[in-house]
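# Notes for the structure review
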Amino acid sequence: MSYTYPVSMPWLKGRELEYVTEAVSGGWISSQGPYVRQFEEAFAAYNDMPHGVACSSGTTALTLALRALGVGPGDEVIVPEFTMIATAWAVTYTGATPVFVDCGDDLNIDVSRIEEKITPRTKVIMPVHIYGRQCDMDAIMNLAYEYNLRVVEDSAEAHGVRPVGDIACFSLFANKIITAGEGGVCVTRDAHLAEQMAHLRAMAFTKDHSFLHKKLAYNYRMTNMQAAVALAQTEQLDTILATRRDIEKRYDEALRDVPGITLMPARDVLWMYDLRAERSEELRAYLADQGVETRVFFKPMSRQPGYYDANWPSLNASRFSEDGFYLPTHTGLTAQDQEFITDRVRAFYGVL
Ligand SMILES: *Cc1c(COP(=O)(O)O)cnc(C)c1O
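Residues numbered from 1 in each chain as written. Predicted model: local features only at pLDDT ≥ 70, side-chain atom pairs only at ≥ 80, totals over all residues. Heavy atoms only, no water.

## Quick look at the sheet that holds strand 8 (residues 261–263)
Taken together, the four strands give an open sheet; going across it, the order is 8-9-11-10, and neighbouring strands pair in antiparallel fashion. What marks the edges here is a single partner per strand, and that holds for strand 8 and strand 10 (295–296). As judged from the three bridges shared by strand 8 and strand 9 (residues 273–277), these two strands associate in the antiparallel manner. Following the sheet pairing, Thr-262 is matched in strand 9 by Arg-276. (Pairing = 2+ DSSP bridges. Helix = DSSP H or I, 4+ residues; strand = E, 2+ residues; numbered from the N terminus.)

Rendered as structure tokens:
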């Protein structure tokens, strides 16, 4: 089914085509081309970080970060209940075990419940800035300091939120704040970690190309064509974030007084405009009939077949995933589009 108002669309209004054309016409289409380095530098600089490592997805960015920190079998990583499955999978891919912590009212990991999950095996805390809301990083960094843990931020939904932890990992999938079609990038202030991630990303080749590989690594490289798009998007990031802030304000204003709708706390950057609604299933079906696509919230990790835990009530995450969803949110969404969408929501609850 195709919608008049899809939840997401890439916004490619900068120099994307110019850079891609240059990559293709110059013959540099693999990961060896110059845009990869340029994108890494530009994105790291945007985040006031000295090092950026581009890779093939947000998922592989998380995996590289954990591997660079030495996470492996026998280790535990603290992961939020309420997240996209890739956060937990990245841990599982390394052979380590994700240990889940419920969310608070902002959907982010409840920092007051992290400490009870820390064991002698815990190596890393992996907060996720859900829908563009920054986690309480002061509390997380204090815990990390106290227990000698490392912090990997899953910033897949939060380009523009300043990294605080050891490594921050961003996704560049087509529905994220900025995109390369598919892609990911890690930023860090630690030169050694950056070098490790770059090494693991490219099959742990040695400098002399001897074909002797000292550790199990990956091909998680980003192509020059993807990097061309990612660089053009990074140049537009401030504009994109400002446009999205206006989108957030307009949704807030149009929906604030609608009985049946519960607005969510303000976001630091807008990825998706999330909300909760009474009779949400009915509302979503009604919107779909009107050509408006919506998407439900994430399902709690301990309700996923791969991580199912019957003993874990996961109260908040389950509660939110019952009636939470998000409205179309993308940089090209116009005020008129939003008016149409919010008028339909208001009509559903009889408040036009
Ligand atoms: C999108 C997303 C990912 C995965 O990114 P991909 O680029 O799709 O692999 C990981 N974590 C979160 C929170 C995400 O939203």
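## Topic: the state of the cysteines
Within the structure shown, the criterion is met by zero disulfides. Free cysteine: Cys-103, not disulfide-bonded; nearest cysteine sulfur from Cys-135 at 11 Å. Left unpaired, Cys-186 is separated from the closest cysteine sulfur, that of Cys-169, by 4.0 Å. Of the residues examined, Cys-186 reaches a relative accessible area of 0% and is grouped as buried. (Disulfide = S-S within 2.5 Å. Buried < 20%, exposed > 50% of the residue type's maximum accessible area, 1.4 Å probe, protein only.)

## Concerning unusual backbone geometry
In this structure, Asp-48 is a non-glycine residue whose phi angle is positive, near 55°. Relative to the helices and strands, Asp-48 resides in the loop between helix 2 (34–46) and strand 1 (51–55). Its identity is not glycine, yet Ala-204 carries a phi of approximately 50°, on the positive side. Take Ala-204: it is sitting in the loop between helix 6 (191–201) and helix 7 (224–235). Given the relative accessible area of 1%, Ala-204 is considered buried.

## What to know about the packing of helix 8 (residues 237–255) against helix 11 (residues 335–348)
Viewed as axis vectors pointing N to C, helix 8 and helix 11 meet at an angle of 30°, and their least axial separation amounts to 10 Å. Here helix 8 is positioned roughly parallel relative to helix 11, judged by the angle of their axes. Note that helix 8 runs across helix 11; the crossing there is right-handed. Residues Ile-247, Arg-250, Tyr-251, Ala-254 and Leu-255 of helix 8 form the contact with helix 11, whose own contacting residues are Ala-335, Gln-338, Ile-341, Thr-342, Val-345 and Arg-346. Its residues placed into classes, the contact of helix 8 with helix 11 shows seven nonpolar, two polar and two charged. (Axes fitted to C-alpha atoms, helices over the stretch in contact; angles between N-to-C directions. Parallel < 35°, antiparallel > 145°, perpendicular 65-115°, else oblique. Left-handed = near helix turned anticlockwise from the far one by under 90°. Contact = heavy atoms within 4.5 Å. Nonpolar A, V, L, I, M, F, W, Y, C, P; charged D, E, K, R; others polar.)

## Points about the UniProt feature "modified residue: N6-(pyridoxal phosphate)lysine" (unreviewed entry) in the chain
UniProt marks Lys-176 with the feature "modified residue: N6-(pyridoxal phosphate)lysine" (unreviewed entry), using the numbering shown here. In this structure, Lys-176 sits in the loop between strand 6 (167–171) and strand 7 (184–188). For Lys-176, the residues in contact, after removing those within four places along its chain, are Ala-156, His-159, Ser-171, Arg-244 and Trp-271. (UniProt positions renumbered as here; feature names shortened; annotations may be inferred.)

## Describing the pairing of strand 6
Counted residue by residue, strand 6 has five buried out of five residues, so it is predominantly covered. The alternating pattern of strand 6 places Ile-167, Cys-169 and Ser-171 and Ala-168 and Phe-170 on opposite faces, both of which are buried. As defined by bridge partners, strand 5 (residues 150–154) adjoins strand 6 across three bridges and the pair is classed as parallel. Pairing of Asp-154 across the sheet is with Cys-169, part of strand 6. Two elements, strand 6 and strand 7, share five bridges in a ladder whose sense is antiparallel. Following the sheet pairing, Phe-170 is matched in strand 7 by Val-185.

## Describing the domain arrangement of the chain
Domain annotation of the chain identifies domain 1 (16–235) and domain 2 (237–348). Computed over C-alpha atoms only, the centres of domain 1 and domain 2 are separated by 25 Å. Across the boundary between the two partners, domain 1 contributes 38 residues, which contact 31 residues of domain 2. Across the domain 1/domain 2 interface, buried area totals approximately 2900 Å², and carbon plus sulfur atoms make up 62% of it. On the domain 1 side of the interface with domain 2, the three residues burying the most area are Glu-81, Tyr-131 and Arg-133, jointly 25% of the side's total. Scanning the region where domain 1 abuts domain 2 turns up two salt bridges. Asp-105 is paired through a salt bridge with Arg-319; the nearest N and O atoms lie 3.7 Å apart. Where domain 1 packs against domain 2, one counts 19 residue pairs in polar contact (both at pLDDT 80 or more). Ranked by residue count, the leading element in the side of domain 1 that touches domain 2 is helix 4 (residues 85–94), at four residues. Partitioned by chemical class, the residues of the side of domain 1 that touches domain 2 number 18 nonpolar, ten polar and ten charged. (Domains from an automatic or database assignment. Buried area = accessible area lost by both parts, 1.4 Å probe. Salt bridge = Lys/Arg side-chain N within 4 Å of Asp/Glu carboxyl O. Polar contact = N/O pair within 3.5 Å; in protein donor to acceptor, adjacent residues only side chain to side chain.)

## Quick look at the UniProt feature "active site" (unreviewed entry) in the chain
Taken from the UniProt record, the annotation "active site" (unreviewed entry) applies to Lys-176. Judged by relative accessible area, Lys-176 falls into the buried class, the value being 13%.

## What about the site of the ligand?
Lining the immediate surroundings of the ligand are 15 residues, of which Thr-59, Asp-154, Glu-157, Ser-171 and Lys-176 lie closest. For the ligand, an oxygen atom lies 2.7 Å from a polar atom in the side chain of Ser-171. For the ligand, the protein covers 93% of the area, taking 380 Å² as the surface of the free molecule. Put simply, the parts of the chain that give the shell around the ligand at least two residues each are helix 3 (58–68) and helix 4. For the shell around the ligand, the class distribution of residues is five nonpolar, seven polar and three charged. (Near = heavy atom within 4 Å. Areas by Shrake-Rupley, 256 points an atom, 1.4 Å probe, with all protein chains shown as cover.)

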